[in-house]
Amino acid sequence: MVEKFDCIVVGAGMSGNAAAYTLAKRGLSVLQLERGEYAGSKNVQGAIMYADMLEAIIPDFREDAPLERHLIEQRFWMMSEAAHTGMHYRSDAFNEARPNRYTILRSQFDKWFSRKVREAGALVLTETTALELIFDAYGACVGVRTDREDGIVHGDVVVLAEGVNGLLGSRAGLRQPPKADHVALAVKEMHFLPAETIEARFNVKGDEGVVIEAVGAISRGMTGMGFIYSNKECLSVGIGCLVSDFARSGQTPYGLLEAFKAHPSVKPLLEGSEVKEYAAHLIPEGGYKAVPQLCGDGWVVVGDAAQLNNAIHREGSNLAMTSGRIAAEAIFQIKSRREKMTRDNLARYPKALEDSFVMKDLRKYRDMPALLHTNSRNFFLTYPELVAKAMESFLRVDGTPKREKETTTIAAFRKARGWSGLFGDAFKLARAWR
Amino acid sequence: MSKPEEVRVEEKLYQNRYVVDGGRSHIRVVSRGKPSANLMAMTTLCPAGCYTLTEAGQVEVAPDGCFECGTCRVMCEPSGEVEWNYPRGGYGVLFKFG
C-alpha cells in the first residue's frame, strides 16, 4: 500500500490530534497512525485540560467534548508523615460561561478528539504500530514503515507525535532517548465514588471540581508529587517521582502510591471507593535544556516526544496541543507556497514556538529541574517536615510562652540547614523562579 | 504515615484490560552474565512488576502486565541489556480511562 500523503502524523495523543486536525481542516491529505485499538487506548494523563489551547483549535469544543468537572479550587499540600500544610485557592470567578480548566479522562477525551480529526478529513489508521522512519539518499524523511502488510506509507512531511517514549525519532538519531533524570514515572488509580459523595467530600456542587497537588514526605526524599483530581464520578489518584530517584531509592511506585493513599489527609477522601484501573506513564521533566532539535528535512517533533512539559506548573497537554497546532500551521504555510518540507522551511515551527508561551515558559524555569533534582531531600523532605512542626507548635496551646516556641522553631530550621543553607536555598530558588 | 503491608501489584493489574500477543514478547532481557545495577533496579522500579530476580541471580521479564511506559527502556536500553519495542498494533494494554 505505498501511498503518498501531504503529511503523516505518528500518534493520536494531544499533540498528534491537534496537528492532524489543523492540517486536515486546511485541506491537506493527512494519514494518522495510532497503535492502540482506538485513539486514547494507550494514553495516560492526570488529567487536566486547558481550555484556551483547545479553543485555539476547536473553538466550540464545549458542545460535545467529554469533560468531567471544571476546576474552581486548587489545593497545594506540603506533606509531612502525619500532617499537611495547605495553601488553597478557590474562587467563584472560575464558575464562568467558558471555564478555563477541566478534568478529563484521556481515553474518552482522545476518542472524541480523534472523531473530530476524522470529520476534518484525515485518514486515521488504528491498530497500526509505526516501526521506523524512511529516509531518501539525501537524508530527508520521506515516510514511515508500519507493521501492516506492505506497510510503507509516504508523506512530504512526518509529524512525530509519538509521546515521551517515542521510538522512531530516537532510533533514527533525530534526538536522544530520554534520560533517567529527565523523566518522572507516575502511577495512578481511578477511584470510583457516587457524584454526590465526591461533591460532599470536596465541598462542590454540579460540575465544579477540585485539584489537590501534594509534595513532601510522600515522595520520601525523591523529586516527586502526588495528586488527586476530581472527575464526575471518580477520583484520579496518583504519584510520580524522577526515574533516577526511584532507581536509587529502591522504592516501588505502587508502594509509594499505597502509602500516599493511606496518609491520614488522603484516606478519608477515598473511603469506600472502587478502583477500576491502575496505570503508569512517563512524564518529561528535563525542561528547556532537554528540548531536542524540533525539525529537520521532512520531519517535525511535537508534544511529549519533544520534552515540551512545564513541570513547575504541571502543564503538558496544553504545550502538546499548541506545539501540534503551530507545527501544522507552519506545514500548511509551506505547502500553500508550494515549497519543499526542508529543515530551513520547517524552521518556521520552532521559531513560532519560541514566540509562544510554550518556549517562553520553559525558558523561564530552565534552571528549576536541576535545582529540584539535586536538592530533592531538602525540598521534598526536610522543609515540609520543618514547616509541619512549626505549624503544629504555632497552633497547639500548651502553656509554652510564644517567644519560646518561636525560638525553638527558628533553631530547628537553623539546625537542619544552617543559615548559609537556608539563605542559599532561598536564593537559588528565587533565581531559578525569576 | 503508616507503613502499608507488602503491596501486591498483581492485584492492581487485575483491574486492567490487556490484549496479550501470545508468544511474542515486546520486551526482552539479553542475558550478559551479572545484571547491572540498572537492570536490578527494574525489579522494584517497574510499575507493573514485570521484572523478577531468579534464584540464579538473573533478572527476567514477563511483560504481560506491561503499561508500555518505557521506564525499563530508559534504564536499560543504553547498555543493551533490554531490547524494547512496542507491541504489534492493537495488542498490549488497553486503557479504559487513561
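As a reminder, the structure under discussion sits directly above these lines.
Note that the structure is predicted; figures quoted are calculated from it, not measured. (Residues numbered from 1 in each chain as written. Chains lettered and ligands numbered in written order. Predicted model: local features only at pLDDT ≥ 70, side-chain atom pairs only at ≥ 80, totals over all residues.)

Trainee: So, the overall build of chain A: which residues are in play, and what are the values?
Mentor: A count of helical and extended segments in chain A gives 15 helices and 17 strands. By the compact-globule yardstick of 22 Å for 434 residues, chain A fits well, its C-alpha radius of gyration being 23 Å. Projected onto the principal axes, the alpha-carbon positions of chain A cover approximately 80 × 50 × 40 Å. Contacts in chain A between residues at least 24 apart in sequence constitute 73% of all its contacts with a sequence separation of at least 6. (Helix = DSSP H or I, 4+ residues; strand = E, 2+ residues; numbered from the N terminus. Rg over C-alpha atoms; globule rule 2.2 N^0.38 Å. Contact = placed C-beta atoms within 7 Å.)

Trainee: Describe the pairing of strand β8 (residues 130-135) of chain A, naming the residues involved and giving the relevant values.
Mentor: Residues and elements named next belong to chain A. The pairing of β8 with strand β9 (residues 141-146) spans five bridges and is antiparallel. By the bridge assignment for β9, Ala130 is matched with Thr146. In textbook terms, the turn of a hairpin is the stretch between consecutive antiparallel strands, and for β8 and β9 this stretch comprises five residues, one of which, Gly139, has a positive phi near 85°. (Pairing = 2+ DSSP bridges.)

Trainee: Provide a residue-level description of the interface of chain B and chain A, including the pertinent values.
Mentor: How big an interface is tends to be stated in terms of accessible area lost as the parts join. Opposite the 33 residues of chain B that make contact, chain A presents 49 residues. Listed by contribution, the elements that provide at least two residues to the side of chain B that touches chain A are α1 (9-13), α2 (37-45) and α3 (71-76) of chain B. Taken together, the residues of the side of chain B that touches chain A sort by class into 17 nonpolar, 10 polar and six charged. (Nonpolar A, V, L, I, M, F, W, Y, C, P; charged D, E, K, R; others polar.)

Trainee: Give a detailed account of the nonpolar core, specifying residues and quantitative values.
Mentor: Residues and elements named next belong to chain A. Of all hydrophobic cores here, the largest spans 155 residues; its most connected members are Val10, Val159, Leu160, Val300 and Val302. Among the elements that take part in this core, helix α9 (residues 317-336) stands out by supplying eight residues, more than any other. Look past the residues within four positions of Val159 in its chain and what remains in contact with it is Cys7, Val9, Val10, Gly16, Ala19, Val300, Val302 and Ala327. (Core = buried A, V, L, I, M, F, W, Y, C linked by C-beta atoms within 7 Å. Buried ≥ 20, exposed ≤ 12 C-beta atoms within 10 Å, placed from the backbone.)

Trainee: An account of the packing of helix α14 (residues 376-395) of chain A against helix α15 (residues 402-433) of chain A is requested, with residue identities and associated values reported.
Mentor: Residue and element names in this part refer to chain A. Relative orientation of the contacting elements α14 and α15 amounts to 155°, with a least axis distance of 10 Å. In terms of their interaxial angle, α14 and α15 are classed as roughly antiparallel. Where α14 crosses over α15, the two elements pack in a sense that is left-handed. Contacts between α14 and α15 pair Asn378, Thr382, Leu386, Lys389, Ala390 and Ser393 from the former with Lys405, Thr408, Thr409, Ala412, Phe413, Ala416, Arg417 and Asp425 from the latter. (Axes fitted to C-alpha atoms, helices over the stretch in contact; angles between N-to-C directions. Parallel < 35°, antiparallel > 145°, perpendicular 65-115°, else oblique. Left-handed = near helix turned anticlockwise from the far one by under 90°.)

Trainee: Describe unusual backbone geometry, naming the residues involved and giving the relevant values.
Mentor: Residues and elements named next belong to chain A. Cis peptide bonds are those with omega within 30 degrees of zero, and the linkage from Gly46 to Ala47 qualifies with 15°. Of note, Ala47 is situated in the loop between β2 (30-33) and β3 (48-50). Even without a glycine there, the phi angle at Gln307 is positive, about 60°. Among the structural elements, Gln307 can be located in the loop between β17 (299-301) and α9.

Trainee: Explain helix α3 (residues 106-119) of chain A residue by residue, including any values.
Mentor: Residue and element names in this part refer to chain A. Relative to the 20 Å expected for 14 residues at 1.5 Å per residue, α3 spans 20 Å between its end C-alpha atoms, a close match to the ideal helical length. For α3, the secondary structure elements touched by its buried residues are α1 (14-25), β2, β3 and β7 (123-125). Phi for Gly121, located one or two positions after α3, is positive at around 115°. (Expected span 1.5 Å × (residues − 1).)

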